[in-house]
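These are the residues of each chain, in order.
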Amino acid sequence: METMQPAEARDHIEMVDRILSRSERSLHVGGEFFLVWGMFSATVTLTAQLVVGRAIPTSSLWLLPVLLAGAIAFSVIRGKQLGKRKDGLSLIQREFFAVLWISMGAAMFTDVVAYQIFTTWASSAIWTVAAAVVLFFIASHGNRRALVCGIIVLVSLAAANFMPHYAGYVLSAGMLLGYAGFGLISIIARDC
Amino acid sequence: MDELLLSKIRLGVIAELLNVDWAAFSDLQQATQTTNGNLGAHLGKLVESGYVAEEKTFVNRRPQTRYRLSKMGRSAFVQHVRQMQRLLEKEGAS
């Protein structure tokens, strides 16, 4: 039976660490998800704010289900495309998508079923919280841009709390800068 | 320790497969920096032992062999790394 010397064991463990840290650090998921959902969320909140301010007619709200259907269709199609890649998805990518869908799904579910509890800007704030969870998850894998964008999103939440008359604008700006902005930067940098 | 994983190349292959669904032969060759024949022989042993599953597919009408880590392979890898860590701890303690 073969045995192993400590020096050899150290060498092997170092190699395993190198391989694992390389594969775990790369979270290539496509910034377009952030761009699409960030813009969708920002549009929803902005539209609501403009309707509340009577800047646009209430009938404009009918645009939102159409945009939602578009964002969902995009996510499903793009998700399938990513899944069909020859190397498939890595564990970390699958973990990321689980966090993304659970966060966004929970936000949507809450908005639909608890609309009497989460009224007006609270329903938009739920999306902001979900976005922050996703961004901080990515940040926990060493992505500083995600950390900065997550902070932007949370700051917008706190700022909206102290500006009730402009809460929609502030939350919308937070999603646009923090979430859609993160997607745009990631697409340009091609590292997410 | 797992005798099959005492080989640095085989251990490297398992580590490469740990975070992916499937990896093509060419990707593993690039990662391990070995020759076709050498890697093929190591992969053959891993497939034979049930640590790795092999699948032959076509990508853009060209044949491609790809590999996936099995549950048995994952468990053997974890055990093996644990034992190597214990060995180092023992050495540090003595």
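Going by the structure above, here's the rest.
Residues numbered from 1 in each chain as written. Chains lettered and ligands numbered in written order. Predicted model: local features only at pLDDT ≥ 70, side-chain atom pairs only at ≥ 80, totals over all residues. Heavy atoms only, no water.

**Student:** Explain the overall build of chain B to me, and be specific about the residues and the numbers.
**Tutor:** Within chain B, the secondary structure is distributed over four helices and three strands. Seen in sequence order, chain B has helices and strands lined up from the N terminus as α-β-α-α-β-β-α. Evaluated residue by residue, chain B yields a buried proportion of 45% over its 94 residues. In chain B, the proportion of contacts linking residues at least 24 apart, taken out of those at least 6 apart, comes to 55%. On chain B, roughly 5300 Å² of surface is accessible, and the fraction owed to carbon and sulfur atoms is 49%. (Helix = DSSP H or I, 4+ residues; strand = E, 2+ residues; numbered from the N terminus. Buried < 20%, exposed > 50% of the residue type's maximum accessible area, 1.4 Å probe, protein only. Contact = heavy atoms within 4.5 Å. Areas by Shrake-Rupley, 256 points an atom, 1.4 Å probe, with all protein chains shown as cover.)

**Student:** Account for the pairing of strand β3 (residues 62-69) of chain B, with residues named and values stated.
**Tutor:** Residue and element names in this part refer to chain B. Here strand β1 (residues 23-24) runs beside β3; their pairing, made up of two bridges, is antiparallel. Looking at the pairing, A24 lines up with R66 of β3. Here strand β2 (residues 52-59) runs beside β3; their pairing, made up of eight bridges, is antiparallel. Each bridged residue has a counterpart across the sheet, and for V59 the counterpart in β3 is R62. Linkage of β2 to β3, two consecutive antiparallel strands, is achieved through a turn of two residues, within which N60 is found at a positive phi near 50°. (Pairing = 2+ DSSP bridges.)

**Student:** Now, about the pattern of salt bridges: what can you tell me, with residues and values included?
**Tutor:** Any two side chains of opposite charge can pair, given that their charged atoms come close. Residue and element names in this part refer to chain B. All chains considered together, the criterion is met by three salt bridges over all chains. In this structure, E55 and R66 form a salt bridge, with 2.8 Å as the shortest nitrogen-oxygen distance. Taken together, the positions of E55 in strand β2 and R66 in strand β3 put the pair eleven residues apart, joining distant regions of the chain. (Salt bridge = Lys/Arg side-chain N within 4 Å of Asp/Glu carboxyl O.)

**Student:** Could you give an account of a nonpolar patch on the surface, with specific residues and numbers?
**Tutor:** Residues and elements named next belong to chain A. Taken together, L46, F162, M163, Y166 and Y169 make up a surface patch of nonpolar side chains, about 540 Å² in accessible area. Tracing the backbone shows M163 in the loop between α6 (144-162) and α7 (167-189). Classification of M163 as partly exposed rests on a relative accessible area of 35%. (Patch = residues over 30% accessible without salt bridge, like charges linked within 9 Å, V, L, I, M, F, W, Y side chains within 5 Å.)

**Student:** How would you sum up the sheet that holds β1 of chain B? Please name residues and give values.
**Tutor:** Across the sheet, three strands lie side by side as β1-β3-β2 (chain B); this open sheet has antiparallel pairing. On the outer flanks of this sheet lie β1 and β2 of chain B, each paired with one strand and no other.

**Student:** Can you tell me about the packing of aromatic side chains, naming the residues and giving the values?
**Tutor:** Residue and element names in this part refer to chain A. In the structure shown here, the tally under the stated rule is nine aromatic pairs over all chains. Plain terms: the ring middles of F33 and W101 are 6.0 Å apart, the flat faces sit at 80° to each other, and that makes the pair edge-to-face. You can see F33 sitting in helix α2 (residues 32-52) and its partner W101 sitting in helix α4 (residues 91-113), a full 68 residues away along the chain. Among the residues examined, W101 registers a relative accessible area of 38% and is labelled partly exposed. Among the aromatic residues, ring-to-ring pairing joins F33, F74 and W101 into one connected group. (Phe/Tyr/Trp six-rings, centres within 6.5 Å; stacked < 30°, edge-to-face > 60°.)

**Student:** Tell me about α6 of chain A, and please be specific about residues and values.
**Tutor:** All names here are of chain A. Taking 1.5 Å per residue as the helical rise, α6 with its 19 residues ought to reach 27 Å, and the 28 Å between its terminal C-alpha atoms agrees with that figure. Within α6 the residues assigned to the buried category are A146, C149, G150, V153, S156 and A160. Viewed end-on, α6 has its buried residues packed into an arc of 115°, placing them on one side of the element. Facing away from the buried side of α6 by over 90 degrees, the exposed positions are R144, V155, N161 and F162. (Expected span 1.5 Å × (residues − 1). Arc of directions from axis to C-beta.)

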